[in-house]
Amino acid sequence: MGKSFSKSPDMPCESCEQVRPAVFSKPWRTIKWGDNEADLKYVKNYEMQFKDRELRILLLGHESAGKSSFINSVQTVLTGRIYALASADCSSDKMFTKEYKTYKVRNEYSSFYPFVFYDMMGLTEGGGVLEEDVKMVLRGHVKEGYKFDPLAPLDEDNEFYKRNPNPSDNIHVVVYVFAADKLNISEEVVQKIRSIRMDASSLNIAQIAVLTKIDQLCPEMKEDLRNVYVLQQLKEKMEKLSAAVGIPMNCIFPVKNYHEEIDMKKDMNTLIFSALRHIIHCGDDCNTLRHSHNETL
């Protein structure tokens with residue numbers, strides 16, 4: 001375990017050239033480190049309400065933010081081994097995921113957990129997925145395998161367009177994924193996200209943000225992930241993201257994705273489980289609201 005900076009913001013430097021990061025006197029958010037068995041049990045026992053077979057979770061975010069890596073990380077903590085089914089590109093800053101893909105997580109009973117992840121092309125300035133296409137995805141109009149075109153939205157005559165989607169095709173949760181070390185989001189992308197957020201809200205779709213690559217912010221975070229809610233720098237990043245796109249602070253969750261590790265790490269698992277549990281909670285709440293609304297019509 002690395003050294004934790006949770007005591008005092010006025011810690012002495014070992015040398016005049018070393019600058020200690022600003023810290024809070026105590027963690028500003030409570031998390032049960034290492035209590036992963038309880039989280040795993042919760043996920044294993046989770047069941048969808050109503051007649052929905054599975055909670056449908058759409059991953060959307062800036063290019064190279066770690067959408068596919070987050071899916072792999074969830075697979076990793078649930079299967080108990082390093083997983084890399086979702087293709088993640090570490091060789092460049094260019095968009096790697098271009099198709100609309102579905103990922104299910106197999107459970108210990110040779111079946112699947114009652115939630116499914118959808119991955120798609122990322123958002124970027126002057127390119128990336130069009131907000132029109134995202135809004136069609138939210139409503140279930142896009143079939144798996146569609147290759148997104150950053151220049152033209154999906155046409156209704158396209159074979160990958162579903163004219164009459166079933167309720168089981170609709171998205172329950174949108175998870176916006178951003179990289180903590182590259183949070184300079186352009187105004188064009190911010191406006192895209194805000195437009196998508198308004199549309200998702202009108203459909204009673206839950207919305208969560210995941211902040212990846214937190215270990216790249218500073219050496220202290222890389223050394224010890226338990227500094228996550230102690231270091232002021234990370235909270236400032238989360239506040240910046242919240243102000244830019246309108247996602248409340250209590251709906252933003254920092255994680256470190258699995259990408260270079262070959263063995264499981266308990267503290268990494270704790271942060272991933274924390275994000276996953278809240279994704280499930282919010283999805284269930286919005287799904288309940290959606291069904292309640294439909295019953296009154």
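In the block above lies the structure referred to throughout.
Residue positions are counted from 1 within each chain, in the order its sequence is given. Given that the model is predicted, a residue must reach a pLDDT of at least 70 before its local features are reported, and side-chain atom pairs must reach 80 or more before they are shown or counted; all residues, however, enter totals for whole chains, interfaces and linings. Excluded from the side-chain calculation are hydrogens and water; included are all heavy atoms of the structure.

Undergrad: Outline the overall build of the protein chain, listing residues and values.
TA: In terms of helices and strands, the protein chain carries seven helices and eight strands. When the 297 residues of the protein chain are sorted by exposure, 49% land in the buried category. By sequence separation, contacts in the protein chain at least 24 residues apart represent 69% of the contacts at least 6 residues apart. Areas reported as accessible are Shrake-Rupley estimates using a 1.4 Å probe. Residue values count occlusion only from the protein chains shown. Of the roughly 14,700 Å² that the protein chain leaves accessible, carbon and sulfur atoms contribute 49%. By the criteria applied, helices consist of DSSP H or I runs no shorter than four residues and strands consist of E runs no shorter than two, each listed in order from the N terminus. Working definition: with a 1.4 Å probe on protein chains only, accessible area under 20% of the residue-type maximum means buried, over 50% means exposed, and in between means partly exposed. Any two residues whose heavy atoms approach within 4.5 Å at even a single point are treated as in contact.

Undergrad: Lay out unusual backbone geometry in plain terms, naming residues and giving numbers.
TA: A positive phi angle, close to 60°, is found at S110, a residue other than glycine. Summarising the element assignment, S110 is placed in the loop between β2 (101–106) and β3 (112–119). The exposure class assigned to S110 is exposed, which follows from its relative accessible area of 58%. With a phi close to 55°, K213 is a non-glycine residue in the positive phi region.

Undergrad: Got a sec to walk through the nonpolar core? Specific residues and values, please.
TA: We call a set of buried residues a nonpolar core when its members are Ala, Val, Leu, Ile, Met, Phe, Trp, Tyr or Cys and they connect through side-chain atoms within 4.5 Å of each other. Of all hydrophobic cores here, the largest spans 87 residues; its most connected members are L78, F115 and F117. Take this core: its biggest share by element is nine residues, from helix α7 (residues 266–296). If sequence neighbours within four positions are ignored, F117 has contacts with I57, L59, F70, I71, V74, K101, T102, Y103, V105 and L276.

Undergrad: Please provide a residue-by-residue account of the pairing of strand β7 (residues 206–212), values included.
TA: The buried fraction of β7 amounts to seven of the seven residues, a majority that puts the element mostly inside the structure. Neither face of β7 is exposed, since A206, I208, V210 and T212 on one face and Q207, A209 and L211 on the opposite face are all buried. At least two bridges found by DSSP between two strands are what make those strands a pair. Sheet topology note: the strand β6 (residues 173–179)/β7 ladder contains seven bridges and is parallel. Paired with V173 across the bridge in β7 is A206. Assignment of crossover handedness uses the view with strands pointing away from the viewer, where a clockwise path from the first strand over the helix to the second indicates a right-handed crossover. What joins β6 to β7 is helix α4 (residues 187–202), and the crossover it makes is right-handed. Here β7 runs beside strand β8 (residues 252–254); their pairing, made up of three bridges, is parallel. Residue pairing in the sheet places V210 in a bridge with F253 of β8.

Undergrad: Outline the packing of α4 against helix α6 (residues 232–245), supporting the account with residue identities and numerical values.
TA: Each pair of packed helices can be summarised by the angle the axes make with each other and by the distance between the axes. Orientation is described by axes fitted as lines to C-alpha atoms, over the contacting stretch for helices, and by angles from 0 to 180 degrees between their N-to-C directions. Between α4 and α6, the least distance of the axes is 9 Å, while the angle of their chain directions is 70°. Overall, the two elements α4 and α6 adopt an arrangement that is roughly perpendicular. Contacts between α4 and α6 pair V190, I193, R194 and R197 from the former with A243, A244 and V245 from the latter. The class makeup of the residues in the contact of α4 with α6 is five nonpolar, no polar and two charged. Here the angle decides the label: under 35 degrees means roughly parallel, over 145 means roughly antiparallel, 65 to 115 means roughly perpendicular, and every other value means oblique. Only Asp, Glu, Lys and Arg are considered charged in this grouping, and only Ala, Val, Leu, Ile, Met, Phe, Trp, Tyr, Cys and Pro are considered nonpolar; every other residue, Gly among them, is considered polar.

Undergrad: Please provide a residue-by-residue account of the packing of aromatic side chains, values included.
TA: Aromatic contacts are taken between Phe, Tyr and Trp rings whose centres are within 6.5 Å, Trp giving its six-membered ring; a plane angle under 30 degrees counts as stacked, one over 60 as edge-to-face, and the others as tilted. For the structure on display, the rule yields seven aromatic pairs. Here W28 and Y229 contribute two aromatic rings whose centre-to-centre distance is 5.3 Å and whose plane-to-plane angle is 85°, an arrangement assigned as edge-to-face. Residue W28 is found in the segment before α1 (36–45), and its partner Y229 is found in the loop between α5 (219–223) and α6; the two are separated by 201 residues along the sequence. Exposure remark for W28: the relative accessible area of 24% places this residue in the partly exposed category. Ring centres of Y100 and Y118 lie 5.5 Å apart, and the angle between their planes is 20°; on these two criteria the pair is classed as stacked. Linking Y100 in the loop between α2 (67–79) and β2 with Y118 in strand β3, this pair joins segments that are 18 residues apart in sequence. Residue classification places Y118 among the buried residues on the basis of a relative accessible area of 11%. Taken together, the ring pairs in this structure connect Y100, Y118, Y146, F148 and F160 into an aromatic cluster. Only lysine NZ and arginine CZ atoms are considered, and such an atom sits over a ring when it is within 6 Å of the ring centre and within 35 degrees of the ring normal. Directly above the ring of F112 sits K104, whose terminal nitrogen or CZ lies 5.7 Å from the centroid.

Undergrad: Which residues make up α2, and what values do they have?
TA: In a regular helix each residue adds 1.5 Å, so 13 residues correspond to 18 Å; α2 covers 19 Å between its end C-alpha atoms and thus fits that length. Most of α2 sits inside the fold, with 12 of its 13 residues counted as buried. By this rule the span expected of a helix is its residue count minus one, scaled by 1.5 Å.

Undergrad: Go over the packing of helix α3 (residues 131–138) against α4, please, and point to the residues and values.
TA: The geometry of α3 relative to α4 is characterised by a closest axis approach of 10 Å and an angle of 25° between their N-to-C directions. Between α3 and α4, the angle is such that the two are roughly parallel. In this structure, α3 crosses over α4, and the sense of that crossing is right-handed. Contact residues: E131, V134, K135 and L138 in α3; K192, S195, I196, D199 and A200 in α4. Counted by class, the contact of α3 with α4 contains four nonpolar, one polar and four charged residues. Two helices crossing with the near one rotated counterclockwise from the far one by less than a right angle form a left-handed crossing, whereas a clockwise rotation gives a right-handed crossing.

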